[in-house]
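This is what each chain is made of:
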Amino acid sequence: MSASVLKTAANRKSPEFEKSTRRIIDLLTEIKNQEEQIRQGGGSKAIESQHKKGRLTARERIAKLIDPGSQFFELGIYAAFEMYEEWGGAPSAGTITGLAKVCGRTFMLICNDATVKAGAFFPMTAKKVIRAQNIAIENHIPTIYLVDSAGVFLPLQEDVFPDTDDFGRVFRNNAVMSALGIPQITAIMGMCVAGGAYLPVMCDHILMTEGSGLFLAGPALVQAAIGQKSSAEELGGAQMHAQISGTVDFREPDEDACLKRIRALVDKIGAPSPSPFSHLKPRDPLYPADEIYGIFSSDPAKQYEMREILARIVDAGEFEEYRAEYGETLLCGYARVGGWAAGIVANQKKHVQTLARGSDQKRMEFGGVIYTESAEKAARFILDCNQNRIPLVFLHDVNGFMVGKDAEWSGIIRAGAKMVNAVANSVVPKITVICGGSFGAGNYAMCGKAYDPRFMFAWPTARFAVMSGDSAAGTLVEIKLKQLEREGKKVDEKQKKDLYESVRSTYEHQTDPRYAAARLWVDAIIDPAHTREALVWALEAASLNPEIREFKTGVLQT
């Protein structure tokens, strides 16, 4: 079978290649150092306190639970980054989530980190647990909860308790997952108090270790409310729940026994339904993944060839490019990633010389900009992927849609609406990777967060907002200067420059992927050289859901 194989012209020895490589490695080093700090949770004293109780930390539990030698693909590690500092911070939002292999099966793990404020739920904790559950629901991923939490963080209860994406949604999702037949196993390995007590009891299997507690109200609250005195063990200990209330299924003497029991239960879960997506034996890319560092440029003024990036991600460098000579600022094509078939939509960052629409006049199209032709091509390609049950992968480095008289006359709004409609109504899995810029409506058309990607990843070089930092700073400063003029205040050049830098600095901070990851706008910041591995995890997880609803677009602009 013949296939189109991507070629390379990358020069590893060029100064530009070396400069780009150094910049990304510096960014990665900074991020990996921060991640290592986050993994310390509440710090050495809190870890020591956990060990003195005879309990493992959440990360130690995960290491013992997953298959030996396998990887834990963590999601949301940056959750709550630089947030709640007035309360001492909440590293990783006090909970750890991610995908892992347990007895050879893919599982979602959701584990309270008791070293962070006794595992209490901050607002972002609830949102992180809900995001992990939503990923599990969308992809039918069986889920294991390791519970060790003091419940809601009371000083912030108003932001944790009442809304649709707050604490109560966790238990609603438990019920929905159960109804969908998604296996859920819970192990109570510490405190499980108040509303949080419902989580384990709404799962399929409940395990509980000696010394743990499960109750709607602890001893102090019970005494204050009804005057009844009882010990924690009498009120909600493992023995009571195993012998008297009949709430737990398995009482375990210690954590090692509990984790072994989980694996024994997982071992007997039936096989998942067959995947509707095409999968063959994986083949390695033709070129080393770390060359992406030197090929990619995060400088908006610089060009690079997106096909060179794809050649280091897709199996055997094979890429069946769709309408390769039309709408060239968007690349569309079919490939395999880790053996899984995928339809790829990627922004091309090289400028393209083409003919103006409806004439023989030559024109230059700027890389990273979506033109009418590229939007129409992408919309049609997305329809084809839905028709043929092929998951979609979007690679962002987009400045937005083209503007100006020529663009408007060509019907750019109509073409953009067509692309947005196709993305919004897609029924096959969508996976998004933000490589560089992702601005304005370009973010939406390329399946930004608002368009329900099953997974959303970002490179350290990612930037996304309504517009770029320079553009936004210029606009905001102009508005501020006009306001000052109306007030009769004069501003000299130095003040203008200081104001511009202040606004730009704030805006740049907010477009940083860590700012986005802290708020769960992206699921993980990934090493560009590990993009393929992240996509394989995502495609494999998506394959667990055999249900594809009927594809409809409603009124499609033509």
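One can find the structure itself at the top, above this paragraph.
The structure displayed is predicted, hence computed values, not measured ones.

1. With respect to empty space enclosed by the protein
Evaluated as defined, the whole model comprises two cavities of 30 Å³ or more. Of the volumes computed, that of the largest cavity is approximately 120 Å³. Looking at the largest cavity, it is lined by 16 residues, and the ones nearest its centre are N112, F121, V147, S149 and L199. Mapped onto the lining of the largest cavity, the elements with two or more residues apiece are strand 3 (105-112), strand 4 (143-149), helix 5 (167-179) and strand 5 (184-193). No other element matches strand 4, which puts four residues into the lining of the largest cavity. When grouped by side-chain class, the residues that make up the lining of the largest cavity number 12 nonpolar, four polar and no charged. Forming the boundary of the second largest cavity are L75, G76, T97, M108, K128, R131, A132, I135, L520 and D523. A per-element tally of the lining of the second largest cavity places helix 4 (residues 123-139) first, with four residues.

2. Points about the pattern of salt bridges
Applying the stated criterion across every chain, the model contains 34 salt bridges. As a salt-bridge pair, R59 and E74 come within 2.9 Å of each other at their nearest N and O atoms. Of this pair, R59 sits in helix 3 (residues 58-65) while E74 sits in strand 1 (residues 73-75), and the two are 15 residues apart along the sequence. Owing to a relative accessible area of 22%, R59 belongs among the partly exposed residues under this scheme. A residue is classified by how much of its surface remains accessible, and E74, at 13% relative accessible area, is buried. Each of R12, D290, E291, E308 and R312 takes part in salt bridges that share partners, so that together they form one network.

3. What about the pairing of strand 4?
Most of strand 4 sits inside the fold, with seven of its seven residues counted as buried. Along strand 4, one buried face is formed by T143, Y145, V147 and S149 and the opposite face, lined by I144, L146 and D148, is buried too. Of the crossover connections in this fold, the one passing from strand 3 over helix 4 to the parallel strand 4 is right-handed. Of the strand pairs in this sheet, strand 4 and strand 5 are connected by six bridges, and their pairing is parallel. The partner of T143 across the bridge, within strand 5, is Q184. With helix 5 bridging strand 4 and its parallel neighbour strand 5, the resulting β-α-β unit is right-handed.

4. Observations concerning the pairing of strand 13 (residues 362-365)
Pairing geometry for strand 12 (residues 352-355) and strand 13, over four bridges, is antiparallel. The residue of strand 13 that forms the bridge with T354 is R363. Turn length for the strand 12-strand 13 hairpin, with the two strands adjacent in sequence and antiparallel, is six residues, and the turn residue G358 shows positive phi of about 75°.

5. Things to note about unusual backbone geometry
Even without a glycine there, the phi angle at E82 is positive, about 60°. In this fold, E82 is placed in the loop between strand 1 and strand 2 (95-102). Positive phi values are uncommon outside glycine, yet R323 reaches one of about 45°. Among the structural elements, R323 can be located in the loop between strand 9 (320-321) and strand 10 (330-337). The exposure class of R323 is partly exposed, given its relative accessible area of 38%.

6. Things to note about the layout of surface pockets
Its volume calculated, the largest pocket comes out at about 750 Å³. Taken together, 30 residues make up the lining of the largest pocket; nearest its centre are S298, D299, P300, T461 and R463. Counting residues per element, the ones that place at least two in the lining of the largest pocket are helix 1 (15-38), strand 17 (430-439), helix 17 (469-486) and helix 18 (493-511). Tallying contributions element by element places helix 1 first for the lining of the largest pocket, with six residues. Tallied by class, residues from the lining of the largest pocket come to eight nonpolar, 11 polar and 11 charged.

7. Considering the packing of aromatic side chains
Enumeration according to the criterion identifies 16 aromatic pairs in this entry. Consider the rings of F455 and F457, whose centres lie 6.1 Å apart with planes at 20°: the pair is stacked. Residues F455 and F457 agree in their burial class; the two are buried. Aromatic rings pair up to connect F73, F455, F457 and W537 into one cluster. Directly above the ring of W409 sits K405, whose terminal nitrogen or CZ lies 5.1 Å from the centroid.

8. A few points about the packing of helix 13 (residues 372-387) against helix 15 (residues 412-425)
Here helix 13 crosses helix 15 at 25°, and the two axes come no closer than 8 Å. Taken together, the axis directions place helix 13 and helix 15 in an arrangement best described as roughly parallel. In this structure, helix 13 meets helix 15 at a crossing whose hand is left-handed. Across the interface between the two elements, T372, A375, E376, A378, A379, I382 and L383 from helix 13 touch I412, A415, G416, K418, M419, A422 and V423 from helix 15. Of the residues in the contact of helix 13 with helix 15, the class split is 10 nonpolar, two polar and two charged.

9. Let's talk about the packing of helix 3 against helix 10 (residues 255-266)
Following both chains from N to C, one finds helix 3 and helix 10 inclined at 45°, their axes separated by 10 Å at the closest point. Taken together, helix 3 and helix 10 sit at an angle that is classed as oblique. Crossing of helix 3 against helix 10: the hand is right-handed. Of the residues in helix 10, those in contact with R61, K64 and L65 of helix 3 are E255, D256, L259, I262 and R263. In terms of residue class, the contact of helix 3 with helix 10 is built from three nonpolar, no polar and five charged.

Cut-off values and rules
Residues numbered from 1 in each chain as written. Predicted model: local features only at pLDDT ≥ 70, side-chain atom pairs only at ≥ 80, totals over all residues. Heavy atoms only, no water. 1 Å grid on protein atoms, 1.4 Å probe; cavity = no way out; pocket = protein on both sides within 12 Å on 5 of 7 lines; lining within 4 Å. Points joined across faces, edges and corners; volume = space filled by probe spheres on them. Helix = DSSP H or I, 4+ residues; strand = E, 2+ residues; numbered from the N terminus. Nonpolar A, V, L, I, M, F, W, Y, C, P; charged D, E, K, R; others polar. Salt bridge = Lys/Arg side-chain N within 4 Å of Asp/Glu carboxyl O. Buried < 20%, exposed > 50% of the residue type's maximum accessible area, 1.4 Å probe, protein only. Right-handed = clockwise from strand over helix to strand, strands pointing away. Pairing = 2+ DSSP bridges. Phe/Tyr/Trp six-rings, centres within 6.5 Å; stacked < 30°, edge-to-face > 60°. Lys NZ or Arg CZ within 6 Å of the ring centre and 35° of its normal. Axes fitted to C-alpha atoms, helices over the stretch in contact; angles between N-to-C directions. Parallel < 35°, antiparallel > 145°, perpendicular 65-115°, else oblique. Left-handed = near helix turned anticlockwise from the far one by under 90°. Contact = heavy atoms within 4.5 Å.

Coordinates in, geometry out; function isn't part of it.
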